[in-house]
Amino acid sequence: MTSIATKPTVPQQTNQRGPLRAAILAVTALAVIAFVAAGWFGLSWYLAAHNKSLAVGADRDAVLRDAQQATLTLNTLDYRHVQDGLTLWEQSATGSLLTQLRANRDSYAKAITDSSTVSNGSVVDAAVASLDDRAGTAQVILGLDVTSQVDKGDPGCVHRRVHVDMVRTGHGWKIGNLTPVGETYSEPGPCPPPSSPK
């Protein structure tokens, strides 16, 4: 008898790997999407953090803040504490303005003490007109209200605009020059409080 070789019959497999394979593909696709999204957001964050316009914006904010504070300091003084006030003036200035304040300190102290005046300034508006980051200079325009009162007298309000040349120093931005802009006008009584903090 001859034997005929026959292949053993393998039971036909049912397609049970279909749902498992679909789940693996779905998880893989979600992982790839998450990886791409993380890369995109990481790159976006890096570019935003190293964007030059952000640095310029931060410098502009620093100039504005320091100009407002220094201008307030130069427009606020109490004759009863004149030496402390003049020291603050000098700490807010640099360059030719600082030289002028130091050279005339004694005459300023005498004039302020003799006038028996207390003055308090408030910034009502301010804007950076120009900023040269490389040179470390800026120009700022400020609107001020200054209330002055002679000892036992009635207060008066002066409204003025000033242009300040700011210079970057090792201790922040300081005023190198201060120039009045336009007309100054006065009115009796204290200046109104600023409408919002600047």
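Refer to the structure above for everything that follows.
One structure accompanies this document, and this report is about it. (Residues numbered from 1 in each chain as written. Predicted model: local features only at pLDDT ≥ 70, side-chain atom pairs only at ≥ 80, totals over all residues. Heavy atoms only, no water.)

Re the pairing of strand 4 (residues 156-169)
Here is step 1 of the chain: Of the strand pairs in this sheet, strand 3 (residues 137-150) and strand 4 are connected by 12 bridges, and their pairing is antiparallel. Following the sheet pairing, Ala138 is matched in strand 4 by Met166.
Here is step 2 of the chain: Inspection of the sheet shows strand 4 paired to strand 5 (residues 172-188) by 13 bridges, in the antiparallel sense. Within strand 5, the residue paired with Cys157 across the bridge is Glu187. (Pairing = 2+ DSSP bridges. Helix = DSSP H or I, 4+ residues; strand = E, 2+ residues; numbered from the N terminus.)

Observations concerning the side chain of His159
Here is step 1 of the chain: Within the element layout of this structure, His159 appears in strand 4.
Here is step 2 of the chain: Separated by 2.5 Å, the side chains of His159 and Asp145 make a polar contact.
Here is step 3 of the chain: Leaving out residues up to four positions away in the same chain, His159 has contacts with Leu144, Asp145, Glu183, Thr184, Tyr185 and Glu187. (Polar contact = N/O pair within 3.5 Å; in protein donor to acceptor, adjacent residues only side chain to side chain. Contact = heavy atoms within 4.5 Å.)

Quick look at the environment of Val162
Here is step 1 of the chain: With respect to the secondary-structure elements, Val162 resides in strand 4.
Here is step 2 of the chain: Here Val162 falls in the buried class, since its relative accessible area comes to 3%.
Here is step 3 of the chain: For the pair Val162 and Gly143, spaced 19 residues apart in sequence, the C-alpha to C-alpha distance is 6.6 Å. (Buried < 20%, exposed > 50% of the residue type's maximum accessible area, 1.4 Å probe, protein only.)

Structural notes on the packing of helix 3 (residues 82-92) against helix 5 (residues 105-115)
Here is step 1 of the chain: Close contact between helix 3 and helix 5 brings their axes to 10 Å; oriented N to C, the two are set at 135 degrees. On the basis of the axis angle, helix 3 is oblique to helix 5. Note that helix 3 runs across helix 5; the crossing there is right-handed. Residues Val82, Gln83, Leu86, Thr87, Trp89 and Glu90 of helix 3 lie in contact with helix 5, whose contacting residues are Arg105, Tyr108, Ala109, Ile112 and Thr113.
Here is step 2 of the chain: Partitioning the contact of helix 3 with helix 5 into residue classes produces six nonpolar, three polar and two charged. (Axes fitted to C-alpha atoms, helices over the stretch in contact; angles between N-to-C directions. Parallel < 35°, antiparallel > 145°, perpendicular 65-115°, else oblique. Left-handed = near helix turned anticlockwise from the far one by under 90°. Nonpolar A, V, L, I, M, F, W, Y, C, P; charged D, E, K, R; others polar.)

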